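Spelled out from the first residue to the last, the chains are:
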Amino acid sequence: MSHVEKSLDYTAGEMMTVTAARALENGTTCFVGIGLPSEAANLARLTHAPDVVLIYESGTLQTRPEVLPLSIGDGELCETALTTVSVPEMFRYWLQGGKINVGFLGTAQIDRYCNLNTTLIGDYTSPKVRLPGGGGAPEIATNAGEVFITLKHSKRAFVDQVDFITTLGFGRDGKGRDGVPNIGKGPTRVITDLCVMKPDPETKELVVVSLHPGVTAGQVQEATGWEIRFAETLESTPEPSAHELEVLRALKDRTAQAHAGQ
């Protein structure tokens, strides 16, 4: 199906956000990262999953922001939360205590085994770029029941080997979680603006399981820094509904106006 044949007019970014939002089930307790994960998680809350419990690293529990936060320290999160706890309690009791179903993360780089890099680009001793760092992502990926990852698809982001493992997926060989007790499943799906991927149950290597409407396997390969695998039966990701698009666009409009001081 080509872009012009789509039943609704939407962008690749909107397709990604809606698909990521649909991955969250109602009633799920979700530890949310800032950026694309936050956009998807709040869209889920405003549509099919009104009882999803959104938790941010700053200690805000069951927050219901009217606009998307600029950071974990955004007052909007605290003002709309059921309660706010200390960061040590957030990590020690809620996260390490096994009370988080899903961690929703973004990243700068990802490799075939779902290792994430948000530390630096280039050589560690003389990097080309310093990135913001891991924050709570390493602990989230270790202790949440499972992890969803969302990011835009490009060869700069999808690399053969990440320059630095900030957040463990399955290690350099896919066996990084083998034999480790009291650890979550790790990444269970990666959602981009082109496709949906899941780790192979045996090797843990990412496999494309669904292509978004209008996207070809060749486009995905062209945007990936390794010879990516495709499922024997590729699904087509369902298009966004008019309601999902309306809610998402209203959320982003409110956010833009609020951050512009209007």
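See the structure printed just above.
Notes on the structure follow. A quick note: this is a predicted structure, and the numbers were derived from the prediction, not measured.

**A few points about the environment of arginine 112**
For arginine 112, the location among the structural elements is in the loop between strand S6 (109–110) and strand S7 (116–117). Measuring from C-alpha to C-alpha, the distance between arginine 112 and glycine 171 comes to 9.8 Å, with 59 residues separating the pair along the chain. Only 3.3 Å separates the side chain of arginine 112 from the side chain of glutamate 205, close enough to count as a polar contact.

**Focus: the packing of helix H1 (residues 12–22) against helix H7 (residues 242–259)**
Between H1 and H7, the shortest axis-to-axis distance is 11 Å and the interhelical angle comes to 105°. In terms of orientation, H1 lies roughly perpendicular with respect to H7. Mapping the contact onto sequence places Glu14, Thr17, Val18 and Arg22 in H1 and Glu244, Leu245, Leu248 and Arg249 in H7. Looking at the contact of H1 with H7, its residues break down into three nonpolar, one polar and four charged.

**Re the packing of aromatic side chains**
Across all of its chains, the model carries five aromatic pairs by this definition. The interplanar angle of 15° and the centroid separation of 5.6 Å between the aromatic rings of tyrosine 124 and phenylalanine 164 together place this pair among those described as stacked. Of this pair, tyrosine 124 sits in the loop between strand S8 (120–122) and strand S9 (127–130) while phenylalanine 164 sits in the loop between strand S10 (146–150) and strand S11 (187–191), and the two are 40 residues apart along the sequence. Residue class for tyrosine 124 comes out partly exposed when judged on its relative accessible area of 49%. Residue phenylalanine 164 is classed as partly exposed on the basis of its relative accessible area of 28%. Seen from the ring of tyrosine 124, arginine 130 lies directly overhead, with NZ or CZ sitting 5.9 Å from the centre. We note arginine 189 situated over the ring of phenylalanine 148; from NZ or CZ to the ring centre the distance is 4.9 Å.

**Details of the layout of surface pockets**
Reported here for the largest pocket is a volume of approximately 680 Å³. Ile34, Gly106, Thr107, Ala108 and Thr118 are the residues nearest the centre of the largest pocket, which is lined by 33 residues in total. When residues of the lining of the largest pocket are traced back to their parent elements, those giving at least two are strand S1 (29–32), helix H2 (36–46) and helix H5 (137–143). The class makeup of the residues in the lining of the largest pocket is 17 nonpolar, 13 polar and three charged. Considered as a void within the structure, the second largest pocket measures approximately 250 Å³ in volume. Listing elements by their share of the lining of the second largest pocket, those giving two or more residues are H1, S11, strand S12 (195–199), strand S13 (206–211) and strand S14 (229–236).

**Examining the sheet that holds S14**
The mixed open sheet is built from eight strands, whose spatial order is S2-S1-S5-S10-S11-S12-S13-S14. A strand with exactly one partner marks an edge of an open sheet, and here the two such strands are strand S2 (53–55) and S14. Neighbour to neighbour, the strand axes of the sheet diverge by 25° on average, direction disregarded. Sheet analysis places S11 next to S12, joined by two bridges and oriented antiparallel. By the bridge assignment for S12, isoleucine 191 is matched with valine 196.

**Focus: the pairing of strand S5 (residues 102–105)**
Remark: a regular strand shows side chains that alternate across the two faces of the sheet. Alternating positions in S5 separate into two faces, Val102 and Phe104 on one and Gly103 and Leu105 on the other, with burial throughout. Two elements, S1 and S5, share three bridges in a ladder whose sense is parallel. Of the residues in S5, the one forming a bridge with phenylalanine 31 is glycine 103. Alignment of S5 against S10, held across four bridges, turns out to be parallel.

**What about the pattern of salt bridges?**
One side chain can pair with another of opposite charge once the charged atoms of both are near each other. The tally for this structure, following the rule as stated, stands at six salt bridges. Taking the shortest distance from any N to any O, the salt bridge between arginine 229 and aspartate 200 comes out at 3.2 Å. Placement of arginine 229 in strand S14 and of aspartate 200 in the loop between S12 and S13 is noted, with a sequence separation of 29 residues between them. Judged by relative accessible area, aspartate 200 falls into the buried class, the value being 14%.

Thresholds, definitions, all that
- Residues numbered from 1 in each chain as written.
- Predicted model: local features only at pLDDT ≥ 70, side-chain atom pairs only at ≥ 80, totals over all residues.
- Heavy atoms only, no water.
- Helix = DSSP H or I, 4+ residues; strand = E, 2+ residues; numbered from the N terminus.
- Polar contact = N/O pair within 3.5 Å; in protein donor to acceptor, adjacent residues only side chain to side chain.
- Axes fitted to C-alpha atoms, helices over the stretch in contact; angles between N-to-C directions.
- Parallel < 35°, antiparallel > 145°, perpendicular 65-115°, else oblique.
- Contact = heavy atoms within 4.5 Å.
- Nonpolar A, V, L, I, M, F, W, Y, C, P; charged D, E, K, R; others polar.
- Phe/Tyr/Trp six-rings, centres within 6.5 Å; stacked < 30°, edge-to-face > 60°.
- Buried < 20%, exposed > 50% of the residue type's maximum accessible area, 1.4 Å probe, protein only.
- Lys NZ or Arg CZ within 6 Å of the ring centre and 35° of its normal.
- 1 Å grid on protein atoms, 1.4 Å probe; cavity = no way out; pocket = protein on both sides within 12 Å on 5 of 7 lines; lining within 4 Å.
- Points joined across faces, edges and corners; volume = space filled by probe spheres on them.
- Pairing = 2+ DSSP bridges.
- Salt bridge = Lys/Arg side-chain N within 4 Å of Asp/Glu carboxyl O.

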